[in-house]
Amino acid sequence: SSDAKQSPEYLLLQHSGASNHWSPPKGRQAKGEDEKRTALRELAEESGIKKVRLLNFKHPEKYTFALKGKTFDKTATFFLGEVKNQKITLSKEHINYSWKTIEEAIKKLGNESAKLTYNKAHIFLSKNTDQRKKEKIILASYPNCGRTWV
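Attention here is on the structure that accompanies the text. As the structure is a prediction and not an experimental result, all values here were calculated from the model.

So, how was this worked out
Residues numbered from 1 in each chain as written. Predicted model: local features only at pLDDT ≥ 70, side-chain atom pairs only at ≥ 80, totals over all residues. Heavy atoms only, no water. Helix = DSSP H or I, 4+ residues; strand = E, 2+ residues; numbered from the N terminus. Buried < 20%, exposed > 50% of the residue type's maximum accessible area, 1.4 Å probe, protein only. Core = buried A, V, L, I, M, F, W, Y, C linked by side-chain atoms within 4.5 Å. Contact = heavy atoms within 4.5 Å. Salt bridge = Lys/Arg side-chain N within 4 Å of Asp/Glu carboxyl O. Expected span 1.5 Å × (residues − 1). Arc of directions from axis to C-beta. Pairing = 2+ DSSP bridges.

1. Comments concerning unusual backbone geometry
Line of reasoning, step 1. The residue Asn 20 is not glycine, and still its phi comes out positive at about 55°.
Line of reasoning, step 2. Locating Asn 20 in the fold gives a position in the loop between β1 (9-15) and β2 (22-23).
Line of reasoning, step 3. Asn 20 gets classed as partly exposed once you look at its relative accessible area, which sits at 31%.

2. Remarks on the nonpolar core
Line of reasoning, step 1. Of all hydrophobic cores here, the largest spans 20 residues; its most connected members are Tyr 10, Leu 12, Leu 80, Tyr 118 and Ile 138.
Line of reasoning, step 2. When contributions to this core are tallied by element, the ones reaching two or more residues are β1, β3 (53-67), β4 (70-83), α3 (102-108) and α4 (112-128).
Line of reasoning, step 3. The element that contributes the greatest number of residues to this core is α4, accounting for five residues.
Line of reasoning, step 4. Beyond its immediate chain neighbours, meaning those up to four positions away, Tyr 118 contacts Tyr 10, Leu 11, Leu 12, Pro 24, Ile 102, Ala 105, Ile 106, Leu 109 and Ile 138.

3. Quick look at the pattern of salt bridges
Line of reasoning, step 1. The tally for this structure, following the rule as stated, stands at five salt bridges.
Line of reasoning, step 2. For the salt bridge of Glu 42 with Arg 41, the shortest nitrogen-to-oxygen distance reads 3.1 Å.
Line of reasoning, step 3. Looking at Glu 42, the relative accessible area reads 7%, which means it is buried.
Line of reasoning, step 4. The class of Arg 41 is partly exposed, set by a relative accessible area of 25%.
Line of reasoning, step 5. Salt-bridge contacts for Arg 41 lead to Glu 45; the nearest nitrogen and oxygen are separated by 3.1 Å. A residue pair is termed a helical-turn pair when its members lie 3 or 4 positions apart in one helix, as Arg 41 and Glu 45 do in helix α2 (residues 35-47) at four residues.
Line of reasoning, step 6. Glu 45 sits in the partly exposed class, given a relative accessible area of 41%.
Line of reasoning, step 7. Taken together, the shared-partner salt bridges connect Glu 33, Arg 41, Glu 42 and Glu 45 into one network.

4. So, α2
Line of reasoning, step 1. In this model, α2 (13 residues) spans 18 Å end to end at C-alpha, consistent with the 18 Å of a helix rising 1.5 Å per residue.
Line of reasoning, step 2. Restricting attention to buried positions, one finds in α2 the residues Thr 38, Ala 39, Glu 42, Leu 43, Glu 46 and Ser 47. The arc that holds the buried residues of α2, viewed along the axis, is 135°, so those residues lie on one side.
Line of reasoning, step 3. Positive phi shows up at Gly 48, right after α2, with a value of about 85°.

5. Describing the pairing of β3
Line of reasoning, step 1. One ladder, built from twelve bridges, connects β3 with β4; its direction is antiparallel. Residue pairing in the sheet places Leu 67 in a bridge with Lys 70 of β4.

6. What about the pairing of β1?
Line of reasoning, step 1. Burial within β1 is extensive, with seven of its seven residues counted as buried.
Line of reasoning, step 2. Judged by which residues are buried, β1 turns out to be covered on both faces: Glu 9, Leu 11, Leu 13 and His 15 on one side and Tyr 10, Leu 12 and Gln 14 on the other are all buried.
Line of reasoning, step 3. Taken together, the six bridges between β1 and strand β5 (residues 94-100) define a ladder with antiparallel strand orientation. Counterpart to Tyr 10 in the pairing with β5 is Lys 100.
Line of reasoning, step 4. Bridge count between β1 and β2: two bridges; the pairing is antiparallel. The partner of Leu 13 across the bridge, within β2, is Ser 23.

Written out as structure tokens, the structure reads:
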């Protein structure tokens, strides 16, 4: 339908680990990097995408995880950007990728906080961009500690 052409699509990557879960490109901050630089570097490393137009969206997502009986608090900072080139080159960390509408993306995402983040990003897009067909992508950046996902 013509409506489908108007809706943005989000890039999800499928992890090569035991869980094979889906998530946006993301990773830990290297020394001297700010969150945005980390997000762009991880995007390039994990998807091959180097050209992205960042939009004025930044969303911190707080969550906790347990490791060896200890509980850790983490904050992931999500950024949102537009890309025109859909060609993806995966790293060894991932086995597959998929461009999904917001409804499809939310079905694939495992954790509730990620779903909320995607919904926030989608609401932001619907208010702040013209809805001609453009690929969309969410970027995430993590502080340099512990595991990089839950």
